[in-house]
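Spelled out from the first residue to the last, the chains are:
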Amino acid sequence: MTKAKPAYKRILLKLSGEALMGDDAFGINRATIERIVGEIAEVTRMGVEVAVVIGGGNIFRGVAGGSDGMDRATADYMGMLATVMNALALADAMNHQGLTARVMSAIGIEQVVEPYVRPKALQYLEEGKVVVFAAGTGNPFFTTDTAAALRGAEIGAELVLKATKVDGVYTADPKKDPKATRYAELSFDEAMTRNLGIMDATAFALCRDQKLPIKVFSIFKPGALKSVVLGGDEGTLVHA
């Protein structure tokens, strides 16, 4: 039997910090992170080059109350540091599962992780290493969604995968409306017209301008990442 050929050579996976919590209220759930890494390992062994942008909500949520009244830029830098912690945990789990992971930070903390340098990131990907991008864009006022769009464009990813709790974009909230149906695909213009809120406006505009497709899928559905990479009918594809 011939092995299925991946539909994509290089992908950028956007993981929220909340995805690492599992059923916990905050922090990192070990079983959850190991399962997610197992899914990443499976597609990496198929020859797909994988980069990851990680959020920090699972850690920052625990201190967010203390950021009330805080300067926005200061709070955003705290959030960036939270993503570095998540990136280290993710890379450690990857290394335990036989992958070679490299964490690259948009803010300089060389004693902990290496700085983001585009040619180095491309080299790592070509060598089969998983690159985990931490600290967002390195600038306050920008989300990790925007970091995913930016890094995806910079590394020449063929697809940005936005991992969520639901298996795609629906006509309505599927938990509230049993008649809600999943969009198999949408154009960027359709998604904007229908105000579907797939990514924040800056990230979405960047993907649209760079003609970088976005796939919204559930990271909690076993085998979904592999199905996406193989070009299966999984999630919702947003494209030019």
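Relevant structure appears above.
In this report, we go over the structure that sits alongside the text. (Residues numbered from 1 in each chain as written. Predicted model: local features only at pLDDT ≥ 70, side-chain atom pairs only at ≥ 80, totals over all residues. Heavy atoms only, no water.)

So, on to the pairing of strand S8 (residues 214-218). Burial analysis of S8 places 5 of its 5 residues in the buried class, the great majority of the element. Alternating positions in S8 separate into two faces, Ile-214, Val-216 and Ser-218 on one and Lys-215 and Phe-217 on the other, with burial throughout. Pairing of strand S6 (residues 159-164) with S8 involves 5 bridges; the strand directions are parallel. Looking across to S8, one finds that Leu-161 is bridged to Lys-215. Where S8 lies against strand S9 (residues 236-239), 3 bridges are found, and the strand directions are antiparallel. Across the sheet, the residue bridging to Lys-215 is Leu-237, located in S9. (Buried < 20%, exposed > 50% of the residue type's maximum accessible area, 1.4 Å probe, protein only. Helix = DSSP H or I, 4+ residues; strand = E, 2+ residues; numbered from the N terminus. Pairing = 2+ DSSP bridges.)

The next thing to look at is the sheet that holds strand S5 (residues 130-134). As a general point, the strands of a sheet are linked pairwise by backbone hydrogen bonds and lie either parallel or antiparallel. Taking strand neighbours across the sheet as the criterion, the 9 strands line up as S4-S3-S5-S2-S1-S6-S8-S9-S7 in an open arrangement whose pairing is mixed. At either margin of the open sheet sits one strand with a lone partner, and together these are strand S4 (114-115) and strand S7 (185-187). Sheet analysis places strand S3 (residues 101-105) next to S5, joined by 5 bridges and oriented parallel. When the bridges of S5 are listed, Met-104 appears paired with Phe-133. Running over the sheet, helix H5 (residues 144-154) touches strand S1 (10-15), strand S2 (49-54), S5 and S6 and is turned about 170° from S1. (Contact = heavy atoms within 4.5 Å. Axes fitted to C-alpha atoms, helices over the stretch in contact; angles between N-to-C directions.)

At their nearest, the axes of helix H1 (residues 30-44) and helix H3 (residues 72-96) sit 9 Å apart, and the two run at 60° to each other. Our pair here, H1 against H3, has a crossing hand that is right-handed. Residues Arg-30, Ile-33, Val-37 and Ile-40 of H1 form the contact with H3, whose own contacting residues are Ala-89, Leu-90, Asp-92, Ala-93, Met-94 and His-96. Per-class residue counts for the contact of H1 with H3 are 7 nonpolar, 1 polar and 2 charged. (Left-handed = near helix turned anticlockwise from the far one by under 90°. Nonpolar A, V, L, I, M, F, W, Y, C, P; charged D, E, K, R; others polar.)

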